[in-house]
Amino acid sequence: MKVSAEEVKKIALLSRLEIKEDRVEAVQQQLSDILSYMELIEQADISEVEPTAHAVSMSNVMRDDVPQESLPNEDALRNAPEAEGGYFKVPKVIQE
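Not measured: the values here are computed from a predicted model. (Residues numbered from 1 in each chain as written. Predicted model: local features only at pLDDT ≥ 70, side-chain atom pairs only at ≥ 80, totals over all residues. Heavy atoms only, no water.)

### Some details on the overall build of the protein
Right, so step 1: Within the protein one finds 3 helices and 2 strands.
Right, so step 2: When the helices and strands of the protein are read in sequence order from the N terminus, they spell out α-α-α-β-β.
Right, so step 3: Over its C-alpha trace the protein gives a radius of gyration of 29 Å, far above what one expects of a compact globule, namely 12 Å for 96 residues.
Right, so step 4: Dimensions along the principal axes, computed over C-alpha positions, put the protein at roughly 70 × 50 × 20 Å.
Right, so step 5: Sequence separation of at least 24 residues holds for 32% of the intrachain contacts in the protein that already meet a minimum separation of 6.
Right, so step 6: Of the accessible surface of the protein, which amounts to about 9,800 Å², a share of 54% is contributed by carbon and sulfur atoms. (Helix = DSSP H or I, 4+ residues; strand = E, 2+ residues; numbered from the N terminus. Rg over C-alpha atoms; globule rule 2.2 N^0.38 Å. Contact = heavy atoms within 4.5 Å. Areas by Shrake-Rupley, 256 points an atom, 1.4 Å probe, with all protein chains shown as cover.)

Structure follows, in C-alpha cells:
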C-alpha cells in the first residue's frame, strides 16, 4: 500500500510528531513498507487458530498460600545492621 506525502504529514500532525521536510520521503517509504507487510500478514489462514491472550501459555508458578508460623522477631532482626525496639533501624530520609 502506497502512502502519500500528504498522508505522512497528516499522520505526523495527528500524532504530534515533527517530521522535517527532507525526511518525509523516507518516512513515506517506511510506512508503505509496514502497510504492505500488514497486507501480507492478512493473507495468512488463521481459521483454525484458537484465540489467546498471550503468545505463550502462562501458568501461575506461585506456591499455595498456606498459613504457617511467622518468623520470630529476634531471628528476623539477627542480621540487621541496626535494630531498635524490635524494629529495623534505618537512616532518616527527607527530601528537600
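### So, the pattern of salt bridges
Right, so step 1: With the rule as written, the count across this model stands at 4 salt bridges.
Right, so step 2: With its nearest N and O atoms 3.4 Å apart, the salt bridge here joins Glu-21 to Lys-9. A residue pair is termed long-range when its members are at least 10 positions apart, and Glu-21 in the loop between α1 (5-14) and α2 (24-42) and Lys-9 in helix α1 qualify at 12 residues.
Right, so step 3: In this structure, Lys-89 engages Glu-84 in a salt bridge whose closest nitrogen and oxygen atoms are separated by 3.2 Å. (Salt bridge = Lys/Arg side-chain N within 4 Å of Asp/Glu carboxyl O.)

### Things to note about α2
Right, so step 1: With 19 residues, α2 ought to run about 27 Å at 1.5 Å a step, and its terminal C-alpha atoms sit 27 Å apart, in line with that.
Right, so step 2: Of all the positions in α2, only Val-24, Val-27, Gln-28 and Ser-32 are classed as buried. Each buried residue of α2 sits inside an arc of 135° when the element is viewed along its axis, so together they form one side. Away from its buried face, by an angle of more than 90 degrees, α2 presents the exposed residues Ile-34, Tyr-37 and Leu-40.
Right, so step 3: Those residues of α2 that are buried lie in contact with α1. (Expected span 1.5 Å × (residues − 1). Buried < 20%, exposed > 50% of the residue type's maximum accessible area, 1.4 Å probe, protein only. Arc of directions from axis to C-beta.)

### What to know about unusual backbone geometry
Trans is the common state for peptide bonds, and a negative phi is the common state for residues other than glycine.
Right, so step 1: Positioned with a positive phi, Arg-16 is a non-glycine residue whose angle comes to about 55°.
Right, so step 2: The topology assignment puts Arg-16 in the loop between α1 and α2.

### Focus: the side chain of Ser-32
Right, so step 1: Residue position: Ser-32 is located in helix α2.
Right, so step 2: In this structure Ser-32 comes out as buried when scored by relative accessible area, which is 5%.
Right, so step 3: Among residues more than four places away in sequence, those in contact with Ser-32 are Met-1, Lys-2 and Val-3.

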